[in-house]
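# Close look at the chain arrangement
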Amino acid sequence: MPNYEAVMGLEVHAQLKTNTKMFCGCPTSFGEPPNTQVCPVCLGLPGSLPVVNAQAFEFALKAALALHCEIVGFTKFDRKNYYYPDLPKNYQISQFDLPFCKNGYLDINVDGAVKRIGITRIHMEEDAGKLVHSDHGGGSGVDLNRAGTPLLEIVSEPDLRTPAEARAYMEAVAHILEFLGICDCNMQEGSLRCDANVSVRPIGQTTLNTRREIKNMNSFRYVEQAIEIEIGEQIGLYESGGTVRQETRLFNGDTGVIRTMRTKEDAQDYRYFPEPDLPPIVITEAMINEIKNKLDELPEARKQRYINELKLSDYDAKVLTDFKPMGDFFEAVLKEGVAPKFASNWITADLQGILKEHKQTIDTCGLEPKAVAELIQLVEKDKKINRAAAKETVFPKMLETKKSALEIATVENLLIVADTGATEKIVEDVIEKFPKLVADFVGGKDAVLNAIFGKCMGEFKGKGDPAVIRPMLEKKLLALREKK
Ligand code: ZN
Ligand code: MN
């Protein structure tokens, strides 16, 4: 019995986060009453003319650069002709033989190994409307609010071999688009969807077997799950002496069943032809350079810089670059003069934990990087607030009141006792107050030191500097032991 391998390519459809649609000025807002975000252009009324959305075009070029694609100098739109009730024009404006970019790649990480997935092409197109199957007395309604929303279709090479790789690729695409700020990647609302072309073949065979396409998966889990099932079914067909015929299929996430939607049409069935209402676009070197200048540093480059130049751990660098606002916040804190290691520790560990507790994220918590930098410096550099007090009291109060760290620490009486005389007095009081513990230490039980130190810190009520108190206490206790 031969062993099989799966061969997969994904087509990802991403809605671009523009304010208006691809070829008209209608808003792209989600969740509005049906057919309220429409005009003659997106309704496909005769005599209306489309105009390309400049912002959508800029977003598309950003994606092309981030995915290492070659941007072509000359691109045009085409009509893809088909009939469906959610498509009032009976054609979709898309790009056929001259997409605006091609030959890119994206590196994915599966189980610690990096694999490069080729990107065949990316093209721009418009979304269709939506059929609504409820509340129509058994019939269906058509909502055209989504018709004309700008889409990017990102087509990968058949480089994916496992369901886990497909999922990792999809996640990596989402990560980049989100980072670029060009797609909100809200899969429940359908702003990121994916079709998978799947075939299987005996290991060692170099030609491709017939593929089947699974349409419109709208969660990372579904992509992985559906592909897993599809691979199993195709192997089953070959094993039982059958063949796989080309078809388009639909996955039902609730039942885990994939059913045939239609036998697959080929490109020629769509009768593509150049869109006569839109002039072709010439993309100049100057336009590309302008976008390049606007492009933020990409997550992977940023991560490597944090590791190599700022000497952060792989883990910290990953946490700081997985979520762009976090990295941006980190950079802003560095600008205030905080050492990278301190900034990273505070942002990835302490602040993250507290923000999570308060169900907030760093970009929406309302705290300025400057204010957080001040707190970090007070703890780490000036040693005016101890770490525990900063975490337990000062930072949560900053979140609540938006007052400065110094102000809160002053009001809460948490500034470290800097006066050595006063510190010494408190330490000596503690030694007097706990004779039993002290006697144990003097008698040779080193471990008791921690307990006495704890009593000291309690006595300081969050205002003690452990770096000063511990050595002072130890010195005094050892002196007592010597004397004995
Ligand atoms: Zn419109
Ligand atoms: Mn498409």
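A brief structural summary. (Residues numbered from 1 in each chain as written. Chains lettered and ligands numbered in written order. Predicted model: local features only at pLDDT ≥ 70, side-chain atom pairs only at ≥ 80, totals over all residues. Heavy atoms only, no water.)

## Considering the environment of Pro34
What counts, and what does not: Helix and strand assignments follow DSSP, with helices taken as H or I runs no shorter than four residues and strands as E runs no shorter than two, numbered in order from the N terminus. For this analysis, residues touch if any pair of their heavy atoms sits within 4.5 Å.
Tracing the sequence through the fold places Pro34 in the loop between strand E1 (4-15) and helix H1 (40-43). When near neighbours in sequence (up to four residues on either side) are disregarded, Pro34 contacts Asp143 and Asn145.

## Here's the deal with the coordination of the zinc ion (ligand 1)
How we decide: In this listing, donors mean N, O and S atoms no farther than 2.8 Å from the metal, or 3.2 Å for Na, K and Ca; water is missing from the atoms, so a site can look incomplete. A site with four donors is called tetrahedral when every donor-metal-donor angle falls between 85 and 135 degrees; four donors are called square planar, and six octahedral, when opposite donors sit more than 155 degrees apart and all other angles fall between 65 and 115; any other arrangement is irregular. Whether a residue is buried, partly exposed or exposed follows from its accessible area with a 1.4 Å probe, protein chains only, as a fraction of its type maximum: under 20%, in between, or over 50%, in that order.
Surrounding the zinc ion (ligand 1) are the protein donor atoms Cys24 (SG), Cys26 (SG), Cys39 (SG) and Cys42 (SG), at 2.3 to 2.4 Å. If you look at the zinc ion (ligand 1), its 4 donor atoms make angles of 98 to 117° with each other, and the shape they trace is tetrahedral. All donors of the zinc ion (ligand 1) come from a single chain, and their spacing in sequence reads C-x1-C-x12-C-x2-C. Within this pair, whereas Cys24 is found in the loop between E1 and H1, its partner Cys39 is found in the loop between E1 and H1, the two being separated by 15 residues in sequence. Of the two residues, Cys24 and Cys39, neither departs from the other in class, the shared state being buried.

## Examining the sheet that holds strand E6 (residues 101-110)
Keep this limit in mind: Should DSSP find at least two bridges between two strands, the strands are regarded as paired. Under this scheme, a helix contributes an axis fitted over its contacting stretch, all axes are lines through C-alpha atoms, and angles between N-to-C directions fall in the 0 to 180 degree range.
As summarised here, the arrangement of the 9 strands in space is E2-E6-E7-E10-E1-E11-E12-E13-E14, forming an open sheet in which the pairing is mixed. Each having just a single partner strand, strand E2 (70-71) and strand E14 (257-263) make up the two edges of the open sheet. Pairing geometry for E1 and strand E10 (residues 150-156), over 5 bridges, is antiparallel. From the neighbouring strand, Val12 faces E10, where its bridge partner is Ile154. Of the strands in this sheet, E2, E6, strand E7 (113-126) and E10 touch helix H2 (residues 54-66), which is tilted by about 160° from E7. Taken strand by strand, helix H3 (residues 163-180) contacts E1, E6, E7, E10 and strand E11 (192-202), and its axis lies near 115° from that of E6.

## Remarks on the side chain of His123
Rules: Nitrogen and oxygen atoms within 3.5 Å of one another constitute a polar contact, given that in protein one can donate a hydrogen and the other can accept it, and given that sequence-neighbouring residues count only through two side-chain atoms.
When you line up the elements, His123 lands in strand E7. Using a relative accessible area of 5% as the deciding quantity, one classes His123 as buried. Polar side-chain contacts of His123 include one of 2.9 Å to the side chain of Glu125. In contact with His123, other than residues within four places in its own chain, are Ser94, Gln95, Pro99, Phe100, Leu151, Leu152 and Glu153.

## A few points about the coordination of the manganese ion (ligand 2)
At this site the manganese ion (ligand 2) is bound by His13 (NE2), Glu125 (OE) and Glu153 (OE), with donor distances of 2.0 to 2.2 Å. Sequence positions of the residues that donate to the manganese ion (ligand 2) give the spacing H-x111-E-x27-E. Here the residue Glu125 occupies a position in strand E7, and Glu153 occupies one in strand E10, the gap between them amounting to 28 residues. Considered together, Glu125 and Glu153 belong to a single accessibility category, that of buried residues.

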